[in-house]
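# Structural characterization, general
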Amino acid sequence: MTVLRLDGRRLLADLDGYADLLLDTVAGGASIGFLHPVERAEAADWWRERAAGLAAGRSAVWGAYDAGRVVGTVGLALPDRPNSRHRAELVKLMVHRDARGRGLGRTLLTTAERAAAAAGITLLHLDTETDSPAERLYAGAGWTRAGIIPDYAVAPDGDLRPTTLYYKRLAPAGR
C-alpha cells in the first residue's frame, strides 16, 4: 500500500480510479455528500473540481494505491482567511470496500494529521454521520466529540441523518 500527496496532474491522471472510489463509497452507504446512485460523470466532475482546488492551494489530498489501483483518499480543506490559518477541515476520508479492515483509514487519517501539523495547523475539525463506522475510527484516533446536529444530511438511502462534529488539537511540528 502506498499513500501519495496528490497534485492536480496526478489526480487527473488517475481520475477513473478516484471516480470508482467515490462510486463505491456511496454505494456502500457512506454519507459523503452524494445520493445513491451517483452517475460516473458526476463523480468524475467532482474530482476535476478537487484538482482545481489543489492547484489553487485551497486543499490538500492524499491517495492510497494498492498495486496501482486507487483504494483510498483523504483531504484537508485549507483556511483562506487570516483568522483561520491555524485550522483545517478533514474531508472525504474514503476507503474502497475491498480495502477495508487493513488499517488504511487510520493510515490516511494519520497522514493528514501529520501534514497539517507540519504546515502549522493546530486544530482540525470534521463531521461524520452519527453512529457510522467512521465514528469508531475518529474516537480511536484521539478526536474529541463536540456534539450532534440532528437531520443534518440526506443519506444515500434518502433518510435524514444526524451528523457528529469532532475536533482534534495538534501540536505544531517539532514539538
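Given the structure is predicted, the values throughout are model-derived calculations rather than measurements.

### Structural notes on the nonpolar core
If you look at the biggest cluster of nonpolar residues, it comprises 26 residues, and the most contacted ones within it are L76, L90, L124, Y138 and W143. Elements with a contribution of two residues or more to this core: strand 2 (59-66), strand 3 (69-77), strand 4 (87-95), helix 4 (104-118), strand 5 (123-129) and helix 5 (133-140). With 6 residues, helix 4 is the largest single contributor of residues to this core. Non-local contacts of W143, meaning those with residues more than four positions away in its chain, are made with L90, L109, E113, L124, H125, L126, Y138, Y166, Y167 and K168.

### A short note on the sheet that holds strand 1 (residues 2-5)
Taken together, the 7 strands give an open sheet; going across it, the order is 1-2-3-4-5-7-6, and neighbouring strands pair in mixed fashion. The outermost strands of the open sheet, each flanked by one partner alone, are strand 1 and strand 6 (144-154). Adjacent strand axes in the sheet meet at a mean angle of 25°, parallel and antiparallel pairs treated alike. Inspection of the sheet shows strand 2 paired to strand 3 by 8 bridges, in the antiparallel sense. What sits directly across from A60, in strand 3, is L76. Along the sheet face, helix 3 (residues 40-56) touches strand 2, strand 3 and strand 4 and points at about 125° away from the line of strand 2.

### Details of helix 3
With 17 residues, helix 3 should cover 24 Å at 1.5 Å per step; its first-to-last C-alpha distance of 25 Å lies within 8% of that length. Listed as buried for helix 3 are A43, A44, W46, W47, A51, G53 and L54. All buried residues of helix 3 fall inside an arc of 165° around its axis, so they share one side. Opposite the buried face of helix 3, by more than 90 degrees, sit the exposed residues A41 and A55. Close packing links the buried residues of helix 3 with helix 1 (8-13), helix 2 (15-27), strand 2, strand 3 and strand 4. Remark: G57 follows helix 3 within two positions and exhibits a positive phi of approximately 80°.

### As for a nonpolar patch on the surface
A grouping of L35, V154 and L160 is seen on the molecular surface, where their side chains present a nonpolar patch of about 260 Å² in accessible area. Note that L160 resides in strand 7 (residues 160-169). When its relative accessible area of 51% is taken as the criterion, L160 is described as exposed.

### Some points on the environment of P172
In this fold, P172 is placed in the segment after strand 7. Exposure remark for P172: the relative accessible area of 24% places this residue in the partly exposed category. Between the alpha carbons of P172 and T73 there is a distance of 23 Å; along the sequence they are 99 residues apart.

### Considering the pattern of salt bridges
Under the criterion given, the structure shown has 10 salt bridges. Two residues, R97 and D24, come together in a salt bridge whose shortest N-O distance is 2.8 Å. Here the residue R97 occupies a position in the loop between strand 4 and helix 4, and D24 occupies one in helix 2, the gap between them amounting to 73 residues. Residue D24 is classed as buried on the basis of its relative accessible area, which comes to 9%. With a shortest N-O distance of 3.4 Å, R102 and D66 are connected by a salt bridge. Taken as a pair, R102 in the loop between strand 4 and helix 4 and D66 in strand 2 lie far apart in primary sequence, 36 residues in all.

### Examining the packing of aromatic side chains
Within the structure shown, the criterion is met by 6 aromatic pairs. Here Y18 and W47 contribute two aromatic rings whose centre-to-centre distance is 5.1 Å and whose plane-to-plane angle is 50°, an arrangement assigned as tilted. Pair noted here: Y18 is in helix 2 and W47 is in helix 3, with a separation of 29 residues, a long-range link. Comparing Y18 with W47 shows no difference in burial state: the two are buried.

Procedures and definitions
Residues numbered from 1 in each chain as written. Predicted model: local features only at pLDDT ≥ 70, side-chain atom pairs only at ≥ 80, totals over all residues. Heavy atoms only, no water. Core = buried A, V, L, I, M, F, W, Y, C linked by side-chain atoms within 4.5 Å. Buried < 20%, exposed > 50% of the residue type's maximum accessible area, 1.4 Å probe, protein only. Helix = DSSP H or I, 4+ residues; strand = E, 2+ residues; numbered from the N terminus. Contact = heavy atoms within 4.5 Å. Pairing = 2+ DSSP bridges. Axes fitted to C-alpha atoms, helices over the stretch in contact; angles between N-to-C directions. Expected span 1.5 Å × (residues − 1). Arc of directions from axis to C-beta. Patch = residues over 30% accessible without salt bridge, like charges linked within 9 Å, V, L, I, M, F, W, Y side chains within 5 Å. Areas by Shrake-Rupley, 256 points an atom, 1.4 Å probe, with all protein chains shown as cover. Salt bridge = Lys/Arg side-chain N within 4 Å of Asp/Glu carboxyl O. Phe/Tyr/Trp six-rings, centres within 6.5 Å; stacked < 30°, edge-to-face > 60°.

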